[in-house]
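What the coordinates show
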Amino acid sequence: MLSTAIREATKSAHQELEKKVVKKLKAIRNNADYADLLSYFYAYFNNLEKVIDPFITAELLPDYSERRNSSYLKNDIEALDGNTGNLPIATAPNIHSTLQALGALYVMEGSIMGGSIIVQMLGKAGITKGVSFFSGYGPATGQKWGTFVAILDKQADNEEEEAVMIKTANETFTHFAEMFERVEVA
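I will try to describe carefully the structure that is included in this document.

**Structural notes on the nonpolar core**
Core analysis: the largest hydrophobic core is formed by 57 residues, its most contacted members being Tyr34, Phe41, Ile52, Ile56, Leu122 and Phe148. At the level of elements, α1 (2-9), α2 (11-26), α3 (31-52), α4 (70-79), α5 (98-110), α6 (115-124), α7 (141-153) and α8 (159-181) are the ones that each hand at least two residues to this core. Broken down by element, the residue count for this core peaks at 12 residues, all from α3. With sequence-adjacent residues up to four places away left out, leucine 122 is seen in contact with Leu25, Ile28, Tyr34, Ile127, Val131 and Phe134.

**Some details on α7**
In this model α7 runs 18 Å from its N-terminal to its C-terminal C-alpha over 13 residues, within 8% of the 18 Å that 1.5 Å per residue would give. Buried residues of α7: Thr141, Lys144, Trp145, Phe148, Val149, Ile151 and Leu152, and no others. When α7 is viewed along its axis, its buried side chains cluster within an angular range of 160° and face the same direction. Those residues of α7 that are buried are in contact with α1, α5 and α8.

**Comments concerning the pattern of salt bridges**
Considering all chains together, one arrives at 7 salt bridges under this definition. Between glutamate 8 and lysine 11 there is a salt bridge whose closest N-O contact spans 4.0 Å. Residue classification places glutamate 8 among the partly exposed residues on the basis of a relative accessible area of 45%. Take lysine 11: its relative accessible area is 43%, and that puts it in the partly exposed class. Residue arginine 67 pairs with glutamate 109 through a salt bridge whose shortest N-O separation is 2.5 Å.

**Quick notes on the packing of α5 against α7**
Relative orientation of the contacting elements α5 and α7 amounts to 165°, with a least axis distance of 11 Å. Compared by their axis directions, α5 and α7 come out roughly antiparallel. The handedness of the crossing between α5 and α7 comes out as left-handed. When α5 is examined against α7, the residues Leu102, Leu105, Tyr106, Glu109 and Gly110 are found in contact with a partner set consisting of Trp145, Phe148 and Leu152. Each residue belonging to the contact of α5 with α7 can be placed in one class, and the counts come to 6 nonpolar, 1 polar and 1 charged.

**Topic: α3**
Under the 1.5 Å per step criterion, the end-to-end length of α3 is 31 Å for 22 residues, consistent within 8% with the ideal 32 Å. Between the side-chain oxygen of the N-cap and the backbone nitrogen of alanine 32 there are 3.1 Å, and the N-cap of α3 in question is asparagine 30.

**Re the packing of α3 against α5**
The contact between α3 and α5 brings their axes to 10 Å, and the two run at 150°. It follows that α3 is roughly antiparallel to α5 by the angle criterion. Regarding α3 and α5, the two cross each other, and that crossing is left-handed. The segment α3 lies against α5, with Phe45, Leu48, Glu49 and Ile52 engaging Ala101, Ala104, Leu105 and Met108. Split by residue class, the contact of α3 with α5 holds 7 nonpolar, no polar and 1 charged.

Definitions and cut-offs
Residues numbered from 1 in each chain as written. Predicted model: local features only at pLDDT ≥ 70, side-chain atom pairs only at ≥ 80, totals over all residues. Heavy atoms only, no water. Core = buried A, V, L, I, M, F, W, Y, C linked by side-chain atoms within 4.5 Å. Buried < 20%, exposed > 50% of the residue type's maximum accessible area, 1.4 Å probe, protein only. Helix = DSSP H or I, 4+ residues; strand = E, 2+ residues; numbered from the N terminus. Contact = heavy atoms within 4.5 Å. Expected span 1.5 Å × (residues − 1). Arc of directions from axis to C-beta. Salt bridge = Lys/Arg side-chain N within 4 Å of Asp/Glu carboxyl O. Axes fitted to C-alpha atoms, helices over the stretch in contact; angles between N-to-C directions. Parallel < 35°, antiparallel > 145°, perpendicular 65-115°, else oblique. Left-handed = near helix turned anticlockwise from the far one by under 90°. Nonpolar A, V, L, I, M, F, W, Y, C, P; charged D, E, K, R; others polar. Polar contact = N/O pair within 3.5 Å; in protein donor to acceptor, adjacent residues only side chain to side chain.

Have a look at this one:
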C-alpha cells in the first residue's frame, strides 16, 4: 500500500524533524516560549496550505474543509497572548499536482497523530492553553487518519506516481525541519 511505502520511505526525514520538535518542546518554560514555537508551525503550515489548496478538492477529500489547519495555530498563538505579525520565513516544496499535494498533506495530517503526546508534554510544563492544534480531532483522530490514508492509497496508479508523492513528502519533512534550525534555543 502507498501509505506504508510513504511511511517507510520518509522514516529518516520524519525522525530528523521529530528530534528537532521534541528538543524545542522540552525547552519551553512558559506561554511566551510556546507561542513563539507555534509561530514557526503557523508560518510553515499556512504557507504549505496555500500551495496545496488548489489541488485538494472536495471531490478528492470530501471533508478537507473540516480538517485541522493553520487557523488552529493562529488561534492557539492568540490564546497565549502572542501575535502572528512577525512570522519567520517559511518555504514549502514546489507543488504542481494533486499527487505532490497529497504527499505534502500526508505530512500535515500525520502530524496530528503525535499531538496527544505533545499536549501531555506541555501539560507537564504547566501549559494548558493554546493546544487546539495539537489536540487534532480528539476522539475522531484515528478515524480521520484512516479516511485520509484510504483516499491516499487509491491515488497512485504506478511506481512513478508513488515516487512523486514520496519525494514531496520527504521534501515537506525537510522544509519543516529547516524551520526549527532557525529557532535554536541558546
